[in-house]
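Overview (structure and organization)
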2 protein chains.
Amino acid sequence: MQDIDYMQEALKQAKVAYLMGEVPVGAVVVKDGRIISKAHNMKESLADPTAHAEMIAIKKASEALKGWRLSDCTLYVTMEPCSMCAGAILQSRMRRLVFGTKDEKAGACGSKVNLLQHDLFNHNVEIVDGVLESECSGILVGFFKLLRESKCVENKFIAER
Amino acid sequence: MQDIDYMQEALKQAKVAYLMGEVPVGAVVVKDGRIISKAHNMKESLADPTAHAEMIAIKKASEALKGWRLSDCTLYVTMEPCSMCAGAILQSRMRRLVFGTKDEKAGACGSKVNLLQHDLFNHNVEIVDGVLESECSGILVGFFKLLRESKCVENKFIAER
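Given the structure is predicted, the values throughout are model-derived calculations rather than measurements. (Residues numbered from 1 in each chain as written. Chains lettered and ligands numbered in written order. Predicted model: local features only at pLDDT ≥ 70, side-chain atom pairs only at ≥ 80, totals over all residues. Heavy atoms only, no water.)

Within chain A one finds 5 helices and 5 strands. Each helix and strand of chain A, ordered N terminal to C terminal, gives the series α-β-β-α-α-β-α-β-β-α. Against the compact-globule benchmark of 15 Å for 161 residues, chain A has a radius of gyration of 16 Å, which places it among compact chains. Considering only C-alpha atoms, chain A reaches an extent of 60 × 30 × 30 Å along its principal axes. (Helix = DSSP H or I, 4+ residues; strand = E, 2+ residues; numbered from the N terminus. Rg over C-alpha atoms; globule rule 2.2 N^0.38 Å.)

Listed by partner, the interface residues are 30 residues for chain A and 30 residues for chain B. Together, the buried faces of chain A and chain B total about 2,500 Å²; carbon and sulfur atoms form 65% of this surface. Per-residue buried area on chain A facing chain B is highest for Pro49(A), Trp68(A) and Gln91(A); these three make up 24% of the total on that side. Counting across the interface, chain A meets chain B through 2 salt bridges. Where chain A touches chain B, the interface holds 7 residue pairs in polar contact (both at pLDDT 80 or more). Those elements that place two or more of their residues in the side of chain A that touches chain B are helix H2 (43-46), helix H3 (53-65) and helix H4 (83-91) of chain A. Sorting elements by how many residues they give to the side of chain A that touches chain B places H4(A) first, with 6 residues. Classifying every residue of the side of chain A that touches chain B gives 14 nonpolar, 9 polar and 7 charged. (Contact = heavy atoms within 4.5 Å. Buried area = accessible area lost by both parts, 1.4 Å probe. Salt bridge = Lys/Arg side-chain N within 4 Å of Asp/Glu carboxyl O. Polar contact = N/O pair within 3.5 Å; in protein donor to acceptor, adjacent residues only side chain to side chain. Nonpolar A, V, L, I, M, F, W, Y, C, P; charged D, E, K, R; others polar.)

Now for unusual backbone geometry. Residues and elements named next belong to chain A. One non-glycine residue with positive phi stands out, namely Asp32, at about 50°. Positioned with a positive phi, Leu132 is a non-glycine residue whose angle comes to about 55°. Considering the arrangement of structural elements, one finds Leu132 in the loop between strand S5 (126-129) and helix H5 (133-160).

As a further point, take the packing of aromatic side chains. Residue and element names in this part refer to chain A. One pass over the full model with this rule turns up 6 aromatic pairs over all chains. On the basis of an interplanar angle of 75° and a centroid distance of 5.6 Å, the ring pair of Tyr18 and Phe143 is categorised as edge-to-face. With Tyr18 in helix H1 (residues 3-19) and Phe143 in helix H5, the pair connects residues that are 125 residues apart, well separated along the chain. For Tyr18, a relative accessible area of 26% corresponds to the partly exposed category. Look at Phe143 and you get buried, because its relative accessible area is 7%. Three or more aromatic residues joined by ring pairs form one cluster here, namely Tyr18, Phe143 and Phe144. (Phe/Tyr/Trp six-rings, centres within 6.5 Å; stacked < 30°, edge-to-face > 60°. Buried < 20%, exposed > 50% of the residue type's maximum accessible area, 1.4 Å probe, protein only.)

Moving on, we get to the side chain of Thr78(A). For Thr78(A), the position within the fold is in strand S3 (residues 73-79). In contact with Thr78(A), not counting residues within four places along its chain, are Met7(A), Ala10(A), Leu11(A), Ala14(A), Pro24(A), Val25(A), Gly26(A), Gly100(A), Thr101(A) and Cys136(A).

A few words now on the pairing of strand S4 (residues 96-101) of chain B. All names here are of chain B. Most of S4 is tucked away: 6 of the 6 residues are buried. Sheet analysis places strand S3 (residues 73-79) next to S4, joined by 5 bridges and oriented parallel. Across the sheet, the residue bridging to Thr74 is Arg96, located in S4. In this fold, the crossover linking S3 to S4 by way of helix H4 (residues 83-91) has right-handed handedness. Relative to strand S5 (residues 126-129), S4 is paired through 4 bridges, and the arrangement is parallel. What sits directly across from Leu97, in S5, is Ile127. (Pairing = 2+ DSSP bridges. Right-handed = clockwise from strand over helix to strand, strands pointing away.)

With that out of the way, let us pick up the state of the cysteines. All names here are of chain A. Under the defined criterion, the tally for this structure stands at 0 disulfides over all chains. For Cys73, which is in no disulfide, the shortest distance to another cysteine sulfur is to Cys85 and amounts to 16 Å. Considering cysteine sulfurs only, Cys109 is the nearest to Cys136, which forms no disulfide, with 14 Å between them. (Disulfide = S-S within 2.5 Å.)

The structure is reproduced here in C-alpha cells:
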C-alpha cells in the first residue's frame, strides 16, 4: 500500500465524522505497512476540545503498541494538524506526517507556523502534503456549505414561526 | 482564593505524579472561583503521549461543564505548557493561563514560542507566570535528580552482577 491508499482510509474516517455532524477530518496511524489505529473528529459528540481525529488516533496507536513512543509510525490525516495535534505528534516522536489539505486558518505544520520542523524543538518530523488533496478539501467544503445552508433554513424557519 | 491558592492545589497534583514516578506536573481548572477539575501528568502510567496534566484537566473541565468551550476558565499548571497543551488551551478558548515555572526546553507559552499570544491565531490567552515558581521548579529538579541517581544505582548494580 502507498500513501494514497492509507489516505483513502483516513478519508473514510472523515466521512464517518461528516455523518455525525462533526467537522469531517479523519486519521490513521501506520507502522510497518499496517494500520494500527483509525479515528475521526469527535469534538462535538464528546464535548471535548481535545477530541480531534489525530489526538484519538495517536492515543489508540499508543494503546495498540503499549507504549507512548510512535517513532516508526506515520500519521495520515485529511487536514493539516492544528498546534495541539502538531504538539501531540512531537510528543509521540512520530517519524512522518502525511496530510491531505492545508488549513490556512490554523494549520501548524506549514500554514500558520511549522512546529514539526522548528529549530527550537528537539524532534523533527518528515511532512508530505497534498495527498488526495481535492477529496480531503472537498468533503470539508461540502460540510461547511451544508452547515451554512442548514442555518439559513433554521433561521428562515424561526422567522416564519 | 487567589492565584497562589489555586497553584497550591496544582502543586498537590504534581506531588501525586511524583509519587507515581511521573514527571511531576499538576494542573487545575477554575471557573467562577471554583475548581472544576484537577489532574496530574499520567504519560508513563497510561503509556499515552497525550496524557499531560493540562490535557487531562481540560478534558475533565469540559466533562464538568458538559461543553468544550472553557471561555470563562483559568488553567493553573505548575510548569509552562508544551505546544500540544498550548494548542489545547487555544482549542478550549480558555481565557487565562497561570503557570509556575518556565520550560526552557519545550515551553510554548513564552519560552520557545508563544502560541497563546500569536498574531496568527484567532484566540489570545492572558498569561501570568512565576506563581509559586520555586516550589514548582523545586519538585521538578528533585525528581530529575532522583531519577539520575536511581539510574546510577541501577547501573552500578548491573556492573556488580
